[in-house]
Structure formats: structure tokens, C-alpha cells
Amino acid sequence: MMKVRRYLRGSGRVLAFVFIASVIWLLFDMAALRISINDVNSQLLKERVLREREADRQRSRVTQLMKRGFKNPVQKVDLALIHAGKEPFDSDMQLSQVYRKGGKKWDQMMGDKKVNSFEQQGGNVPQADRSKSALSNYQERAALQNVTSKHAVPARKKAVHLDLNGAKLESSRVVDNSNKDTSSVVVPNITPRSPGAPTTSEKRPGKDAVKKDVDQLHSEKNKKVNDEPEIKTGSKLSQIAAKEGHGVKTTSRTPNKDVKEKKKNPEKANEKSDTNVAKPPGPTTKLPPGEKSKDNSAAVRKPGLHKVLALDVTLTPRDPNAVGQFGQAAVVASNENEEVMKRWDEGHFNVFLSEQIPVDRAIPDTRPETCAQNLVHDDLPSTSVIFCFVDEVWSTLLRSVHSVLNRSPPHLLKEIILVDDFSTKDYLKKPLDEYMSQFAKVRIIRLKERQGLIRARIAGAAVAKGEVLTFLDSHVECNVGWLEPLLERIYLDRKKVPCPVIEVINDKDMSYMLVDNFQRGIFKWPLVFGWNALPKEYIRKNNMTISDPIRCPVMAGGLFSIDKKYFYELGTYDPGLDVWGGENMEISFKIWMCGGEIEIIPCSRVGHIFRGQNPYKFPKDRQKTVERNLARVAEVWLDEYKDLFYGHGYHHLQNRNVIDIGNLTEQIELRKKLKCKSFKWYLENVYPDMVAPLVKAEGLVFNRGLRKCLAVQEGFLSFEICDLSKQSQHFNYTWMRHIRQKNLCVALQGTDNSFALQLCDNIKPEQRWIHKSANSALAEHLITELVSHHMCLEAAPRGDSLHLNPCEPSKAFQKWQFTHYYAQ
Ligand code: UDP
Ligand code: MN
């Protein structure tokens, strides 16, 4: 003890102090290593991205030179504007410049938008609002057109409030590049962000975050050097640690040998190498509530992580004054309205305006704030993006392709496959081939006859080389950082099928609009797709934040990623589905019931033009095509619940003499082979808030006038004193509108108004009775479907027979009541 005290005196004390200080320094150093590794990884990926971009650019220049004669039929290249685009935003910039012909002021317009919101009406149709904003005009039109698209606009859509000051700040940074060597002009993420967007409570990344992004991309080398000393200072370290820790869903992985290796030799560590064995990392984003990770991905994973890349590159500097730039609304001069209307039907949106918007316009980064900080794996699978189209509008098809090329990390984008579903427009032939030939990654495949969206997608998948298939509609704009969060989910579990949040590109003014948080895709009977907000209680109970993946009972259909092998394991889509419609139900039920999961990923956002009508022709009648598709889905996947589908207005589909839904043997076999779960399981586990009673009513069938109950005695109908315990008095009123006991149904027989019990048959109208119909005067009556005029089932006053008589609202002998009602 004395010895120790002696050591702590004089020089010993100094030595001890130095020793402790060194240990603390070492600990800080190790922490700094952990934090900086993510930045280094991001940096490395970005460098790779820039290198690939540069190579692409060189290639494209060569091709462009070779095709000097080719003129993009749409985009008018205005040299004056391009020059203007090189200038930093002028602080006196007239906001009205962003509109084609002046007119409305930006803030005035946005003010209008802010106060308007869509209300869901009748499932999918946004409520009409009579105010004068662009948004309300849209609503009005949508309501009038009775939107039936499966991509129906989600409830409560609101406009993004763009912060032009933010844009100004970012643009001025970006524009600096124009003075540099233009061969390496890259415009990173110039999308304006608003710190206080009116649509959600989420905060947008502030200017500092934007500055960081921009700086990172423009001074990669300096940044690498600068990062470390910054992080190593004690106070900075704690600041950064606090910042990184907040809202970042990191893996539970602890830094290990390979992290140090990366620090020493980042290039080498980043290379794909199977010798780099490590424990599979935990999820980087939270799993949906109540879910365990099902990491059935390969056991050997490389553990590197990086922050989601926020790329937004372009081949030319963006013109800040261009129409629709930054996703802003544009208006058309009144004298051009006629032209707008004339062109409308080409795509069922403002085709005229779309042509004037740059094919690579910037759009606001609408992701929840934390998304930019999320970590994803370095070795995500690559994807083939598949666009199917038939007679798509040129400008939107190009904008869709450019948005993928500009905002996807090139090392993850294996290719873009354009599947031309036998379009009739000339511009989609040679001119499209020529235009796309400047992009090495774009392939066009052309179908020899019209196959419809479903078989066109299957054709695209068949030639895809990526590990993941990403299907997109051909009138979309992928937002910043859209791809990695989708691929990350598949990386974590190959049976996850992630969908981006589908935002709205306004069909009238082409503005990019945010959607509400916590929206999921659902269906209502009879298999009608719709959007529905997660119940507040569910969000609270599961501690959900706005960036957490959302379990989605049904996908909208147009936009999703899926592991290619898994897609084939599932037997792709049912190839017997025609043209459009129902395929989103089919793939959704198949995925959920056969072991997969569908999720909406809030950190991945893609804008989509929701159209009021399909702009292309259906080879057969549209309604019949969709009905037929849905019937196929119901027959294969709904089990006993298919009655609910047919019972909601589709009785006629059961008559195979009237409608041929094709052969289902393969689909039924597939379901057996995959050992898929029942539809009951799906309802209970995936969509428990769905109301799906198997019968409409059940129990005793009480006649009000007679005050007795219907019964079956030795195979004949009779009346008895009501007795709940007697099975002979127990009937179901089914979705087929049958009054049914076991397999026997009450039927009108012959021409002499007599009644009998017949073996139930879904096709025979003489077995169908309308009960509790909307016609309140006859709500308690049983109206036969056999004749068009109202004829009702009536008990004889003596209780010995049944008759069919003209319906009389007040006649008690025509009024019937079941013990329990489950649906109207
Ligand atoms: N499509 C196709 N062949 C068809 C019907 C549609 O290739 O027979 C394409 C269409 O061009 C679009 C995608 O499939 O890119 C989805 O169709 P649409 O946008 O009409 O569906 P919605 O968004 O209305 O659900
Ligand atoms: Mn679409």
C-alpha cells in the first residue's frame, strides 16, 4: 500500500496521468473509427458512381456525335435557356418564371394547395373541392371521371411546399460546376427541400445536410482527409456520435477486424470477396411491427454498410427556370387550353405540358428526414428495372427512364428493360431505339402482338439479368435514394417484396405531390384496390415512425421490387391474366399466402401520374377483361371467400356459359405445390381489419305476418313454431343470395308459383332472393331475381304454403327476418 502511495507521488503521479489520458485517447480513437467507416464507405461508393457516370457520359457523347441528325421529337433544346441554367439562381428571380406564361404567383399557388387536401370518397375517388387551385381542379376531374385505376390516388394527397430558397442555395452550389470541366458535370441532389413542408409533420433535411451532400460529391478527396481530424476532436466526436445515433437504425454488429481493415485499406476492403466471412448483419431498418427477421439470405455476407446514396445526376446542367423544374406546378396560357385538351387523350394527363418539362427535371426530396441517414449494405443485389408500355407518351417514358438512370447507383442498376407491348405509335419504334442507344444500360424488347401488362412483365423478367426485378410504370419519376432501401429489404429477406411510396405527379399541372404517411394498400369487396391509413392505435402500439416499413395487404401493382428467383418460385404472374387489372391482387395474395411479405418502404419514393382512364385500347371490352381477371384470382386464391367476391355484384361471372375465364389447372396446382396457406389465414394474419363474413345472415327465418319460422321437413318446406334449437329451422342467407340449409336452397319451381328445395346452384336465378336491399321500403322482403318486376315471397295466412306475389311494402306476410345479420 505504501509502495503504491509512493508511486503516486511526484513523477509517478505524472506517469499515471499520462497513462490514463492515453487510454481515454485510444477509446475515442476507436469510436471515431466506428463512426467514420460509414462515411468512408459512402465516399467509396460515390467515387465508383462518379467513375461510372463519367464512362457513361463519354459513351453517350460518342453516340450523340454519331447521330447528329437525330432530333428528340419532344424536348426543345433552347441554347439561351441552357446558358441561363449555368447562372446561379438570381436572388431577384421572378417566381412566376417557373410557370410557362407567368400568371399565378408561386406562393399564392402553394397557398391554395396548402389548404386543400384530398378526402377519400367511395374508396378511391378523391372528393371534389370547388376551390380554384390546380389541385382542386384535379380533384374535380378525378371525381367526375370516377377513377377506377388500381393506382387510384391515395386518400388525402397534398402538395409539396417547395422552398425556393433552398433550391437557390443548392443550385448555386451546383452551378459552380459549369465553370469547371463540363465533361464531369454532375448535379448532385439539387432537389429543393422544405424545412416545414405542410403535408407532414416530418422535418426536411436542413440546408446543412444539403450542403454536406453537395460538398461530398464535389470534393471527394479533400473530404476523406478532412473527415478524420474533425471526428477525432473530443467535442466534435460526441456531437457527431449524438447526431449519427439519433434516428439512425444501425445494425447491432460491433466493429471488428474487417472494419479496421477497411480503415487501413478501404478500396481493398470494399472489393467483393467471399473470403471476407462475417456473421450476417442485423437489419438496418426496423422490421414491421410484430415481425421477426427472416434472414434466409446467404449465410456469408460482407458486412460493409454505407449511408443511402442521394444521387441525382444529369448529363447537362439543369435549367432552374425550366417549366416544371423542381417538381413545381406549371400552368398553361389560356390560349393553349385547346391544345391541352386536344392532346389530353394521348395519355389521359396533360401531355402538352409534359412535353415542355425537361426529361431530367429535379424533384423535391420528399423522404422523411431520417432516411438520408439510414445505413444499407455495400453488397446489395443488382436490379433490372422493367418498364412495360403500350403507346406511352414520349416525354413521360423518357422522364421515367432518366429518373432511373440519374437517381440509381450505377453499380446496382444492371439494366433498364423497356418492353414495348406492341405499341402502334411510330415514335416508339425507330426514334425510341435511337434515343435509347445512347444509354448502354437500356434495352428494348418488342412483343410481336399485344400481350397486356401482365405477360409483358413476364417477358421482361425472362430476359432480365439482375438479381432483383424492379417493375415500374412508364410514367413515373424515381426520387432521390429510391433504390437502395428497396434492395436492402430483399437483402435482409429474399421473400420480402418492397414497394416504394407512390407519390403523385399531378396529371393536370405535372407538379410532384407528397402523400400522407402510414398509407397502405388494401382491397375492398369485390377485390377493389384502395389506400387506407394504418389505424392510429396500431401505430402507437407498435411504436412506428414515419420511415418504418409498412406491412401492405395488397400492392398497388405498378411499382415494386422482387428477388428474381423468388418471382419464378412463385410462378411469376398468372399468365392467363389479360391486358390490365387484377394482377396486383393475384401477386399480393400469392406472395402473402406462399410465405412472402409485401411492404411499403417510406424511404423509397416514386412519383406516378395517376390517370383517370387507361389511355390505351383493350382488345376486348375493358370491363369484361378486368372482371375475367378478377374471377381467375378469386377462383384460385379466395377459397370459400370467393362467394364474397361474386356476391358483391359479380354473380353473372359464375355462369361459365356467359364468360370463359380460361383454364385454371396450372394455377391451382401451383398453389398446392407451393403449399400456400389459406385465404382465411391471410385475412386473419395479414388483413385482420377486413370484414369478411362468410354469410350475410343466418338463424331462424321468421315471417312477421305468420309469426312462425320456415323449416325443412322430410325434404319439404313448411312452417313451424320458432325454435332456435331445431336445426331444421336453421338457414343461411348467403352471398349467392340463397336461402340455404346444408346444400339445399329455396327455389321457385315451374310456372305454377310453387316452391321447392333444390340442390344449390350459383347460376340459377330462381334460387336467388334479394333481401335487405337498399330499397328500404322492401328491405325485409325476399324479392325473386327470376323476374324483372318486383315479385316477393309470401307466406299463406294459414301457414301451409308459400306464394310469389307482387311486392307490397306494408304486407307483413311478405316480411322475413333472420336471427343474425352480418352484412347488408
Ligand atoms: N401496359 C402495357 N400493356 C397493356 C396495358 C398496360 O404494357 O396492355 C403498361 C402501361 O403502359 C403502363 C403499365 O403497363 O406502363 C401500367 O398500366 P397503367 O399505367 O395504365 O396502370 P395504372 O397505373 O392505371 O394502374
Ligand atoms: Mn400507371
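Preceding block: the structure.
In what follows, the accompanying structure is described. (Residues numbered from 1 in each chain as written. Chains lettered and ligands numbered in written order. Predicted model: local features only at pLDDT ≥ 70, side-chain atom pairs only at ≥ 80, totals over all residues. Heavy atoms only, no water.)

So, on to the overall build of the protein chain. In terms of regular secondary structure, the protein chain is built from 24 helices and 28 strands. Per-residue burial for the protein chain yields a buried fraction of 57% across its 824 residues. When the accessible surface of the protein chain is summed, it comes to about 35,800 Å², and 54% of that surface belongs to carbon and sulfur atoms. (Helix = DSSP H or I, 4+ residues; strand = E, 2+ residues; numbered from the N terminus. Buried < 20%, exposed > 50% of the residue type's maximum accessible area, 1.4 Å probe, protein only. Areas by Shrake-Rupley, 256 points an atom, 1.4 Å probe, with all protein chains shown as cover.)

For the manganese ion (ligand 2), the protein coordination sphere consists of Asp473 (OD), His475 (NE2) and His608 (NE2), at 2.1 to 2.3 Å. Here the donor residues of the manganese ion (ligand 2) share one chain and are spaced in sequence as D-x1-H-x132-H. With Asp473 in the loop between β8 (468–472) and β9 (476–478) and His608 in strand β16 (residues 597–609), the pair connects residues that are 135 residues apart, well separated along the chain. A single burial state applies to Asp473 and to His608, both of which are buried. (Donors = N, O, S within 2.8 Å, 3.2 Å for Na, K, Ca; no water.)

This next bit is on the nonpolar core. As a rule of thumb, nonpolar side chains are buried together in soluble globular proteins. In terms of nonpolar packing, the biggest core is built from 123 residues, with Phe523, Trp525, Phe589, Phe645 and Tyr682 touching the most fellow members. Looking at which element gives the most residues to this core, the answer is helix α21 (residues 622–637), with seven residues. Beyond its immediate stretch of four places on either side in the chain, Phe589 contacts Phe523, Leu527, Val554, Cys594, Val633, Trp637, Leu638, Phe679 and Tyr682. Core analysis: the second largest hydrophobic core is formed by 22 residues, Ala697, Leu710, Tyr733 and Leu802 among them. (Core = buried A, V, L, I, M, F, W, Y, C linked by side-chain atoms within 4.5 Å. Contact = heavy atoms within 4.5 Å.)

With that out of the way, let us pick up the sheet that holds strand β6 (residues 413–420). On the basis of which strands lie adjacent, the open sheet formed by five strands has the order β7-β6-β5-β8-β15 and mixed pairing. Among the strands making up the open sheet, the edge pair consists of β7 (442–446) and β15 (560–563). Going from strand to strand, the sheet's axes swing by 25 degrees on average, the running direction of each strand aside. Examined bridge by bridge, β6 and β7 share five bridges and lie parallel to one another. (Pairing = 2+ DSSP bridges. Axes fitted to C-alpha atoms, helices over the stretch in contact; angles between N-to-C directions.)

So, about the packing of α21 against helix α23 (residues 665–673). Contact pair α21 / α23: the axes reach a minimum separation of 9 Å and the direction vectors enclose 40 degrees. You can see that α21 and α23 cross each other, and the crossing is right-handed. For the pair formed by α21 and α23, the contact residues are Arg632, Val636 and Trp637 on the first element and Gln667, Ile668 and Arg671 on the second. Here the residues of the contact of α21 with α23 are counted per class, giving three nonpolar, one polar and two charged. (Left-handed = near helix turned anticlockwise from the far one by under 90°. Nonpolar A, V, L, I, M, F, W, Y, C, P; charged D, E, K, R; others polar.)

Quick look at unusual backbone geometry now. In this structure, Pro526 follows Trp525 across a cis peptide bond, with omega equal to 0 degrees. Structurally, the position occupied by Pro526 is in the loop between β12 (519–524) and β13 (528–533). A positive phi angle, near 65 degrees, is found at Arg737, a position not held by glycine. Mapped onto the elements, Arg737 comes out in the loop between β20 (731–734) and β21 (739–741).

This paragraph deals with the pattern of salt bridges. Following the criterion strictly, the structure yields 38 salt bridges and no others. For Glu569, the salt bridge goes to Arg494, with nearest N and O atoms at 2.5 Å. One end of the pair, Glu569, is in helix α19 (residues 564–569); the other, Arg494, is in the loop between α17 (483–492) and β10 (496–505), and 75 residues separate them in sequence. Between Glu669 and Lys672 there is a salt bridge, with the nearest N and O atoms lying 3.5 Å from each other. Residue Glu669 and its partner Lys672 are located together in helix α23, separated by three residues, close to a single helical turn. We classify Glu669 as partly exposed; its relative accessible area is 43%. Using a relative accessible area of 56% as the deciding quantity, one classes Lys672 as exposed. Members of the salt-bridge network, linked through shared partners, are Asp420, Lys429, Asp433 and Arg446. (Salt bridge = Lys/Arg side-chain N within 4 Å of Asp/Glu carboxyl O.)

What follows deals with the packing of helix α20 (residues 583–593) against α21. Packing of α20 against α21 brings their axes to within 9 Å, and their N-to-C directions diverge by 15 degrees. Classified by the interaxial angle, the pair formed by α20 and α21 is roughly parallel. At the point where α20 passes α21, the crossing takes the left-handed sense. Contacts between α20 and α21 pair Met585, Glu586, Phe589, Lys590 and Met593 from the former with Leu630, Val633 and Trp637 from the latter. Residues that form the contact of α20 with α21 fall into these classes: six nonpolar, no polar and two charged. (Parallel < 35°, antiparallel > 145°, perpendicular 65-115°, else oblique.)

Here Leu398 shows up in helix α14 (residues 394–407). Along the chain, Leu398 and Val476 lie 78 residues apart, while their C-alpha atoms are 9.6 Å from each other.

A few words now on the packing of aromatic side chains. Tallying each qualifying case throughout the model produces 23 aromatic pairs. Summarising the aromatic geometry, the rings of Phe589 and Phe679 are spaced 5.2 Å apart at their centres and angled 85 degrees between planes, so their arrangement reads as edge-to-face. With Phe589 in helix α20 and Phe679 in helix α24 (residues 679–685), the pair connects residues that are 90 residues apart, well separated along the chain. Across this residue pair, the class does not change: Phe589 and Phe679 are buried. Taking the centre distance of 6.1 Å and the plane angle of 20 degrees together, the rings of Phe719 and Trp816 count as stacked. Highlighted residues: Phe719 in strand β19 (residues 716–720) and Trp816 in strand β28 (residues 816–821), separated in sequence by 97 residues. Three or more aromatic residues link up through ring pairs in this structure, and these residues are Phe523, Trp525, Phe589, Tyr641, Phe679, Tyr682 and Tyr687. If you follow Lys677 out to its NZ or CZ, it ends over the ring of Trp681, 4.4 Å from the centre. In this structure, Lys772 packs its charged tip against the face of Tyr821, placed 4.8 Å from the ring centre. (Phe/Tyr/Trp six-rings, centres within 6.5 Å; stacked < 30°, edge-to-face > 60°. Lys NZ or Arg CZ within 6 Å of the ring centre and 35° of its normal.)

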